[in-house]
Amino acid sequence: MRFGYSERCLAHDTGERHPENPDRLRAIRRGLAKRHGVEYTEADPATREEVVAVHDEEYVDELEAFVDDGGGSWDPDTVASEGTWEAALTAAGLAQWAARAALDGASGRATPFALGRPPGHHAVPDDAMGFCFFNNAAVAAQTVLDDDAADRVAIFDWDVHHGNGTQDVFYDRGDVLYSSIHEDGLYPDTGELAEIGRDDGEGTTVNLPLAAGAGDADYRYAIEEAVGPAIERFDPDLVIVSAGFDAHRHDPISRMRVSSEGYAMMTDQVRSIADDVGAVDAYVLEGGYGLDTLAEGVSMVHETYDGRTPVTDDEEPDAKTESLVSDLRELLDL
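What you see is a predicted model; the values in this text were computed from it and never measured.

## A short note on the packing of aromatic side chains
Then comes step 1: Under the counting rule described, the total for this entry stands at 14 aromatic pairs.
Then comes step 2: The interplanar angle of 90° and the centroid separation of 5.2 Å between the aromatic rings of phenylalanine 66 and tryptophan 74 together place this pair among those described as edge-to-face.
Then comes step 3: We classify phenylalanine 66 as partly exposed; its relative accessible area is 24%.
Then comes step 4: By relative accessible area, which is 18% here, tryptophan 74 ends up buried.
Then comes step 5: One aromatic cluster is present, built from ring pairs that chain together Phe3, Tyr5, Tyr40, Phe113, Phe156, Trp158, Phe245, Tyr263, Tyr283 and Tyr305.
Then comes step 6: Of note, arginine 152 hangs over the ring of phenylalanine 234, and the distance from its end group to the ring centre comes to 4.0 Å.

## With respect to the pairing of strand 10 (residues 280–285)
Then comes step 1: Within strand 10, five of the six residues are buried, leaving the element largely enclosed by the surrounding structure.
Then comes step 2: Examined bridge by bridge, strand 5 (residues 112–114) and strand 10 share two bridges and lie parallel to one another. Each bridged residue has a counterpart across the sheet, and for phenylalanine 113 the counterpart in strand 10 is tyrosine 283.

## Structural notes on helix 8 (residues 260–277)
Then comes step 1: With 18 residues, helix 8 ought to run about 26 Å at 1.5 Å a step, and its terminal C-alpha atoms sit 27 Å apart, in line with that.
Then comes step 2: Glycine 278, located one to two residues past helix 8, shows a positive phi value of around 70°.

Scoring rules and cut-offs
- Residues numbered from 1 in each chain as written.
- Predicted model: local features only at pLDDT ≥ 70, side-chain atom pairs only at ≥ 80, totals over all residues.
- Heavy atoms only, no water.
- Phe/Tyr/Trp six-rings, centres within 6.5 Å; stacked < 30°, edge-to-face > 60°.
- Buried < 20%, exposed > 50% of the residue type's maximum accessible area, 1.4 Å probe, protein only.
- Lys NZ or Arg CZ within 6 Å of the ring centre and 35° of its normal.
- Helix = DSSP H or I, 4+ residues; strand = E, 2+ residues; numbered from the N terminus.
- Pairing = 2+ DSSP bridges.
- Expected span 1.5 Å × (residues − 1).

Structure below.
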């Protein structure tokens, strides 16, 4: 794969004990150093105008002033430092690069993956939350729509937390489909099955809040039976994966049971779905807080595009997952 990366993202200093810290990117780089075929690309930061396309201008001004004043705790979870403004613009710019590169023809072993931080999917139009300041995937989707490089974009979020910010940005729009598989009841306690969009966006929000303990078989089934059919019906030009790796069975802040091999499996499924509808695909880093499992997860995505065939098991999904998927299919008429 081709990875978007910038040292500027390391300047977002959250403190020694914060789970979202620069060591996440360092761990990913160490893990990828053991793999072949890895390329890195620098990208320009997003502009203020591009960020304001999905965020309220008053919020953007407030954040810039907060950072200029030295930063601090925006809320109990979300910490800013003097380097946060530039890092956040850079993370959004890396996501833009990934979306644009995919639409410009980067595919196969050159499929783009933006390794930016701070992450983005919790950032709502008028606020920062959940370690996130600018919604990187949303900025990228809006950018390619504004550039007329795409007419329709699908965002598939496999982070263990629901991407409430991404959902909020596009909830009443018909040109972006947002789909999420996440742990039920986990922060930020959004993403209910019944949240399917409204007005022009009715039916373009797809939520599967799986029960704690869901593993590879549950995710495989959810993608096969719900996420995939929803994306195929939507028929996007681009699929952006909000790629968090905190559903891993050894991640310290979730209770899901996805294996490292499970991330290869999901990658292969996404690639197949995009191929089936003639779309291109791009990846944007979200969460993942066990350094080893984060690095392994990103490496699994890379190796899948590098030609490695995922290993799947014969496990069956839990009955609760099957029931949830059935309910969603009925709700969305899939």
